[in-house]
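Listed below are the residues making up each chain.
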Amino acid sequence: MSSLKLFYATEGGVTEVTPRLAEAEAVVQGLIEAHMDTMLGVTFLSSEYVIDYDGDGGRIDSLGIDENGSPIVVEYKRGTDAGVINQGLYYLSWLVAHKDAFHALVRDRLGATAASQILWSAPRLICVAGDFTRYDAHAVREHRRSIDLVRYRYFGKNHIGLETVASVTGHSAPAKRTRRRTAGQPPTCRQDGALAELAGAVDEVLLGVGDGVTRVQRKQYAAYQRLRNFACLIPSQQTKLLVYLKADPKTVGLIPGFTRDVTGLGHHGTGDLEVQLRTERDLERAQDLFRLSYTAA
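A few points on the structure. (Residues numbered from 1 in each chain as written. Predicted model: local features only at pLDDT ≥ 70, side-chain atom pairs only at ≥ 80, totals over all residues. Heavy atoms only, no water.)

### Thoughts on the pairing of strand E13 (residues 241–245)
Across the five residues of E13, five count as buried, placing the element largely inside the fold. Residues Leu241, Val243 and Leu245 of E13 are buried on one face, and the alternating residues Leu242 and Tyr244, pointing to the opposite face, are buried as well. Sheet topology places strand E12 (residues 228–234) next to E13; four bridges connect them, and they run antiparallel. When the bridges of E13 are listed, cysteine 232 appears paired with tyrosine 244. Note that E13 and strand E15 (residues 273–277) share five bridges and pair antiparallel. Paired with tyrosine 244 across the two strands is glutamate 274, which belongs to E15. (Buried < 20%, exposed > 50% of the residue type's maximum accessible area, 1.4 Å probe, protein only. Helix = DSSP H or I, 4+ residues; strand = E, 2+ residues; numbered from the N terminus. Pairing = 2+ DSSP bridges.)

### Looking at helix H8 (residues 280–296)
Helical periodicity: at 3.6 residues per turn, an α-helix aligns residues three or four positions apart in one direction. Its 17 residues place the ends of H8 24 Å apart at the C-alpha level, agreeing with the 24 Å of an ideal helix rising 1.5 Å per residue. Its axis deflected by about 40 degrees at alanine 286, H8 carries its strongest bend there. Those residues of H8 that sit buried are Asp282, Leu283, Ala286, Leu289, Phe290, Ser293 and Tyr294. Where the residues of H8 are buried, they touch helix H7 (194–207), strand E11 (222–226), E12, E13, strand E14 (259–261) and E15. (Expected span 1.5 Å × (residues − 1). Bend = angle between axes of the 7 residues up to and from the residue. Contact = heavy atoms within 4.5 Å.)

### Some details on the packing of aromatic side chains
Enumeration over the complete set of coordinates arrives at five aromatic pairs. Consider the rings of phenylalanine 102 and tryptophan 120, whose centres lie 5.6 Å apart with planes at 75 degrees: the pair is edge-to-face. You can see phenylalanine 102 sitting in helix H4 (residues 99–110) and its partner tryptophan 120 sitting in the loop between helix H5 (112–116) and strand E7 (124–129), a full 18 residues away along the chain. A relative accessible area of 1% means that phenylalanine 102 is categorised as buried. Measuring from centroid to centroid gives 5.5 Å for phenylalanine 230 and tyrosine 294, while their planes differ by 85 degrees, and the two rings are edge-to-face. Within this pair, whereas phenylalanine 230 is found in strand E12, its partner tyrosine 294 is found in helix H8, the two being separated by 64 residues in sequence. Overall, the relative accessible area of 0% leaves phenylalanine 230 in the buried class. Just above the ring of tyrosine 294 sits the side chain of arginine 226; from NZ or CZ to the centre is 4.3 Å. Taking the ring centre of phenylalanine 258 as reference, the NZ or CZ of arginine 285 above it sits at 3.9 Å. (Phe/Tyr/Trp six-rings, centres within 6.5 Å; stacked < 30°, edge-to-face > 60°. Lys NZ or Arg CZ within 6 Å of the ring centre and 35° of its normal.)

And the structure:
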């Protein structure tokens, strides 16, 4: 059980709020489905989705698609349940085996353009539960799938907290924090010279900004996420690299030629704060912004 506590000030002093579990699994599911984009960075598609897999039926708690176009299965448990990971992996296997069904669901809910951009190289399972054991955290690292274990707690009547216990990217070995050119580095690293070196350094810094960071590669950008995106690195053929962050531009002192508010402006990746990097010095002064966005995610 988590030892996390919440305190808030009132006219009578400081009141302690003890974290608690939901009264039922359906309460957690209903709340997260209603606010899935804010809580998980996932667009909600369907609840209690009925499947038939090799003659066996079942219901996927929630189906969604994340900011990068990756298919998402979300499974919930009120408390600690060793079966939630295996159950979720069963449903994720069904999803990968029935791409046409998911494609049709996305097309019906979000349109043909969204359906054409599904990223099948990175389907993901998110397990939301009251708690997980150390064996659960170890088990997800042994699988080939991308899995996030998320612990929830209610505080009083109006607050819920989510905490990532483990986050693993499947289908490949863990990303190495190195500046050498490798197949796993962002597409900017295909360039030659100083810009390629800078792209490798940015990749290294973003992967190392905190715990649980994973990289998702799309054709147009590389997304760095901790459950949801906190940074997107855009390949450049010009004289600079662009990084888009989830930090609020209104809380940052914008510097012409270095940072820019792109709220409402179309661009690849996600985030409203644009950071322009031309030199290692730019990268050094951007690191506080990277950490700010990581924390916000």
